[in-house]
Amino acid sequence: PVRDVAHVVFSTFRQGQQSVRQDADIVCIDDGLPALLAAVLRGRRFRSNIEAYVEFRVTFSIVVVLLCVMSAAGGVDLLLPEQMLWLKIVVDMVAILALAPVTSSINS
């Protein structure tokens, strides 16, 4: 029944019922409210980081595909394969560095 209402089920270790603990996605060992709040905020931050990374990668991939199509249609090499490789390496490093320090707040 709990699964029908929530996307992610939290349970506490000591005070939670056995049936809820078995069905829960996340079981917090500490029964305090601050531990549950920290777990929720960490999950939200994790999800927002994944969404931002996927958005960034899709945008970059669309630009690369458009560059390849335009260069093939125009008959001119806009980027050489070595340049594409270096561009991919630089963009991957920028994505990792840009998305790593993203934090969440209680209101988000």
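Residues numbered from 1 in each chain as written. Predicted model: local features only at pLDDT ≥ 70, side-chain atom pairs only at ≥ 80, totals over all residues. Heavy atoms only, no water.

(A) Spotlight on the pattern of salt bridges. Applying the stated criterion to the full structure yields three salt bridges. Note that Asp92 and Arg57 form a salt bridge whose closest N and O atoms lie 2.4 Å from each other. A residue pair is termed long-range when its members are at least 10 positions apart, and Asp92 in helix H4 (residues 81–99) and Arg57 in helix H3 (residues 33–74) qualify at 35 residues. On the accessibility criterion, Arg57 (18% relative accessible area) is buried. (Salt bridge = Lys/Arg side-chain N within 4 Å of Asp/Glu carboxyl O. Helix = DSSP H or I, 4+ residues; strand = E, 2+ residues; numbered from the N terminus. Buried < 20%, exposed > 50% of the residue type's maximum accessible area, 1.4 Å probe, protein only.)

(B) Main features of the packing of H3 against H4. Across the interface, H3 lies against H4 with an axial gap of 11 Å and an inter-helix angle of 160°. Taken together, the axis directions place H3 and H4 in an arrangement best described as roughly antiparallel. Of the two possible hands of crossing, H3 and H4 adopt the one that is right-handed. Where H3 abuts H4, its residues Asn49, Ala52, Tyr53, Phe56, Arg57, Phe60, Val64 and Cys68 lie against Met84, Leu87, Lys88, Val91, Asp92, Ala95 and Leu99. Within the contact of H3 with H4, the residues separate by chemical class into eleven nonpolar, one polar and three charged. (Axes fitted to C-alpha atoms, helices over the stretch in contact; angles between N-to-C directions. Parallel < 35°, antiparallel > 145°, perpendicular 65-115°, else oblique. Left-handed = near helix turned anticlockwise from the far one by under 90°. Contact = heavy atoms within 4.5 Å. Nonpolar A, V, L, I, M, F, W, Y, C, P; charged D, E, K, R; others polar.)

So yeah, pure geometry; function would need other evidence.
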